[in-house]
Amino acid sequence: MNIKMPEFDVKKFVKGAGSTLSRVVQLTEEKLGTSEKTEMDARFEHLSERSDSAKLWTEKIMRDTETALIPNPANRMEDFIFEKIEKQKPKRLSNLEYLGLDMIEGGGEFGQDGPYGSALIKVGQAEQKLGSCERDFIGSAGMCFIQPLKKFLEGEMKTITKEKGVLESKRLDLDACKNRVRKARSMIGQQAAERDLRVAQSEFDRQAEITKLLLEGISTTQATHLRYLHSFVEAQVRYYGQCNKIMSDLQRELVSMRPPTPRLRVNSEDVDLTCGPPYLSKFQTQDSSQHYQQTITLHPAVLTTSGKPPLSISPETFPIVDDSVIAALVADSDPNDISVL
């Protein structure tokens, strides 16, 4: 079986190597200040700066949006690899969905018939809904905002960067030809250098025009990016609206599940009043400095065999707790420690 090897063009290789060497020499002389440099016109420089700025800020906005949507860098890297290999992102549960699953499982362990267990299950189901909404929002935001920006960077901006590189090479060739014309010592050498200069000038002018047209097209992309931005905001509005509805519904369900019995909360502890109103007891002590210290203790009512609360609690018993006693207790305590539900 005969395998045809590609032909190697020696002349093309030598010419390319010579051009590369000439550009390196020209660039070195420019850095040393021993050679002149062809400057672009002010209009072109302005367009070039705007192009660089658009590329810089589009990259920053795209990266920041990806970070806001997927804070975990490991997940972002995993998504990037899967997109390159399998052309789609991996499916994973969100943190809210994991939280919801654990709450539902924990609620079942605590007892779904109890107030805490049933509330855990309700909240867990709501967290799962929030996680599902979050995943949908990340997908829609990626499609309507991140992907178009990425396409712009990998398409138009990549082309502009490439053409600007070609223009810089043509500019170095042009300036190298100008130097050879100035350094030519013979008539024949002068004519050959001038011929090369005319060719280099023509190629440079053509490439400058192509690059300028591409740079001018950058301004029109902002109107397109504005539409992408509007779509992103609309996706956010839908997402936060869904989240607000889910949490509002959850709040109403939790309120409806709250027991109707009056409850008293003291130092973050709920006191059940189903057995009757609680009692307060006061105990006074005297330390070595003759200072009196008064301790007030709340005692939940305890039913006796007759179904009535006890008549007295030592050492000293306050009357049944009513509004005036609670008001006095609140006046002498930290407002954050006592609340009536």
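See above for the structure.
Here's a quick rundown of the structure. (Residues numbered from 1 in each chain as written. Predicted model: local features only at pLDDT ≥ 70, side-chain atom pairs only at ≥ 80, totals over all residues. Heavy atoms only, no water.)

What follows covers the overall build of the protein chain. From N to C terminus, the protein chain includes eight helices and six strands. For the protein chain, the α and β elements follow one another from N to C terminus as α-α-α-α-α-α-α-β-β-β-β-β-α-β. Every one of the 341 residues in the protein chain was classed for burial, and the buried ones make up 27%. In the protein chain, of all internal contacts separated by at least 6 residues, the share reaching a separation of at least 24 is 67%. (Helix = DSSP H or I, 4+ residues; strand = E, 2+ residues; numbered from the N terminus. Buried < 20%, exposed > 50% of the residue type's maximum accessible area, 1.4 Å probe, protein only. Contact = heavy atoms within 4.5 Å.)

It is worth spelling out the nonpolar core at this point. Soluble globular proteins: nonpolar side chains tend toward being buried together. With 38 residues, the main nonpolar core has Met40, Leu69, Phe137, Met157, Leu167 and Ile218 as its most contacted residues. Listing elements by their share of this core, those giving two or more residues are α2 (42-69), α5 (115-183), α6 (187-216) and α7 (218-257). Ranked by residue count, the leading element in this core is α5, at 18 residues. Those residues in contact with Phe137, other than ones at most four positions away along the chain, are Leu69, Phe232, Ala235, Gln236 and Tyr239. (Core = buried A, V, L, I, M, F, W, Y, C linked by side-chain atoms within 4.5 Å.)

Between its terminal C-alpha atoms α5 stretches 95 Å, which fits the 102 Å expected from 69 residues at 1.5 Å a residue. Along α5, the helix axis deviates most sharply at Gly142, where the bend reaches about 45 degrees. (Expected span 1.5 Å × (residues − 1). Bend = angle between axes of the 7 residues up to and from the residue.)

Inspection of every chain in the model, using the stated rule, returns five aromatic pairs. Where Phe137 meets Tyr239, the ring centres are 4.7 Å apart and the plane angle is 5 degrees; that geometry is what we call stacked. Of this pair, Phe137 sits in helix α5 while Tyr239 sits in helix α7, and the two are 102 residues apart along the sequence. Neither Phe137 nor Tyr239 differs from the other in exposure class; each is buried. An aromatic cluster is present here, built from Phe137, Phe145, Phe232, Tyr239 and Tyr240 joined pairwise through their rings. (Phe/Tyr/Trp six-rings, centres within 6.5 Å; stacked < 30°, edge-to-face > 60°.)

Among the secondary structure elements, Asp41 is positioned in the loop between α1 (10-32) and α2. Only 3.1 Å separates the side chain of Asp41 from the backbone nitrogen of Arg43, close enough to count as a polar contact. (Polar contact = N/O pair within 3.5 Å; in protein donor to acceptor, adjacent residues only side chain to side chain.)

Let us look at the side chain of His225. Along the chain, His225 turns up in helix α7. Residue classification places His225 among the buried positions, given a relative accessible area of 16%.

Here we take up the pattern of salt bridges. This structure, assessed with the given rule, holds 11 salt bridges. The partner of Arg43 in a salt bridge is Glu216, and the shortest N-O contact between them spans 3.9 Å. Taken together, the residues span a long stretch of sequence, with Arg43 in helix α2 and Glu216 in helix α6 at a distance of 173 residues. When the shortest N-O distance is used, the salt bridge between Lys170 and Glu203 registers 3.2 Å. With Lys170 in helix α5 and Glu203 in helix α6, this pair connects stretches of sequence that are 33 residues apart. Accessibility expressed as a relative area gives 23% for Lys170, which makes it partly exposed. (Salt bridge = Lys/Arg side-chain N within 4 Å of Asp/Glu carboxyl O.)

In short, geometric facts, not functional conclusions.
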